[in-house]
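A closer look at the structure
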Amino acid sequence: MTKAEIISEIAAKTGIDRATTLSVIETFTDTIKEVVKKGDSVTLRGFGSFIRKTRAQKIGRNIKAKKSVVIPQHNIPAFKAAKTFANEVR
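Description of the structure in this document. (Residues numbered from 1 in each chain as written. Predicted model: local features only at pLDDT ≥ 70, side-chain atom pairs only at ≥ 80, totals over all residues. Heavy atoms only, no water.)

Details of the packing of helix α1 (residues 3-14) against helix α2 (residues 18-38)
Applicable threshold: Throughout, an axis means a line fitted to C-alpha atoms (over the contacting stretch in the case of helices), and angles, computed between N-to-C directions, take values from 0 to 180 degrees. Secondary structure follows DSSP: runs of H or I at least 4 residues long count as helices, runs of E at least 2 residues long count as strands, and numbering of each begins at the N terminus. Angles are sorted into four bins: roughly parallel if under 35 degrees, roughly antiparallel if over 145, roughly perpendicular if 65 to 115, and oblique for all others. When the near helix sits turned anticlockwise from the far one by under a right angle, the crossing is termed left-handed; a clockwise turn instead gives a right-handed crossing. Note on contacts: a residue pair is in contact if any heavy atoms of the two residues lie within 4.5 Å. Under the grouping applied here, Gly and all other residues not named as nonpolar or charged are polar, the nonpolar ones being Ala, Val, Leu, Ile, Met, Phe, Trp, Tyr, Cys and Pro and the charged ones Asp, Glu, Lys and Arg.
The interhelical angle for the contact between α1 and α2, taken along N-to-C directions, is 120 degrees, at an axis separation of 9 Å. When the interaxial angle is binned, α1 and α2 end up oblique. Between α1 and α2 lies a crossing of right-handed hand. Counted together, K3, A4, I7, S8, I10 and A11 of α1 and R18, T21, L22, I25 and E26 of α2 form the full contact between these two elements. Considering only residue class, the contact of α1 with α2 consists of six nonpolar, two polar and three charged.

Set out below in structure tokens:
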């Protein structure tokens, strides 16, 4: 499902126009991005948490050049589903 399909679905279920729904969804996702970027987490009870994970430094291989390269420590965004949500999907 794409963002456009989600917006259409929410607009149809709530009766709110698409422009307002788009604005709300955009603001929601931007807020989550900003909070996770700062290092905090966003928890939606019963749904899950958006968190920032830190990947440790490691050695990788460039197969073409046959050399080892150091991949520095870096952060990645992650989502951890709540138990209730995960159980519904199973």
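On we go.
Topic: the packing of aromatic side chains
As a reminder, the rule being used: Side-chain rings of Phe, Tyr and Trp, where Trp is taken by its six-membered ring, are said to pair if the distance between their centres is within 6.5 Å; with planes under 30 degrees apart they count as stacked, over 60 as edge-to-face, and otherwise as tilted.
Counting across every chain of the model gives three aromatic pairs. Here a set of aromatic residues connected by ring pairs shows up, and it is made of F47, F50, F79 and F85.

With respect to the pattern of salt bridges
As a reminder, the rule being used: Here a salt bridge means any side-chain nitrogen of Lys or Arg lying within 4 Å of a carboxyl oxygen belonging to Asp or Glu. Working definition: with a 1.4 Å probe on protein chains only, accessible area under 20% of the residue-type maximum means buried, over 50% means exposed, and in between means partly exposed.
Going through the model one piece at a time under the given rule, you end up with two salt bridges. Between E26 and K3 there is a salt bridge; the shortest N-O distance is 2.4 Å. Within this pair, whereas E26 is found in helix α2, its partner K3 is found in helix α1, the two being separated by 23 residues in sequence. Judged by its relative accessible area of 28%, E26 falls in the partly exposed class. A salt bridge links E9 to K13; the shortest N-O distance between them is 3.5 Å. Taken together, the residues span about one helical turn, with E9 and K13 both in helix α1 at a distance of four residues.

Details of α2
Using the following cut-off: Each residue after the first adds 1.5 Å to the expected span of a helix. Our arc is simply the arc of the directions from the helix axis toward the C-beta atoms.
Taking 1.5 Å of rise per residue, 21 residues should cover 30 Å, and α2 covers 30 Å from first to last C-alpha, within 8% of that figure. Taken as a whole, α2 has its buried residues at T21, I25, I32 and V36. All buried residues of α2 lie within an arc of 30 degrees about the axis, which places them on one face of the element. Opposite the buried face of α2, by more than 90 degrees, sit the exposed residues A19, E34, K37 and K38. Phi for G39, located one or two positions after α2, is positive at around 105 degrees.

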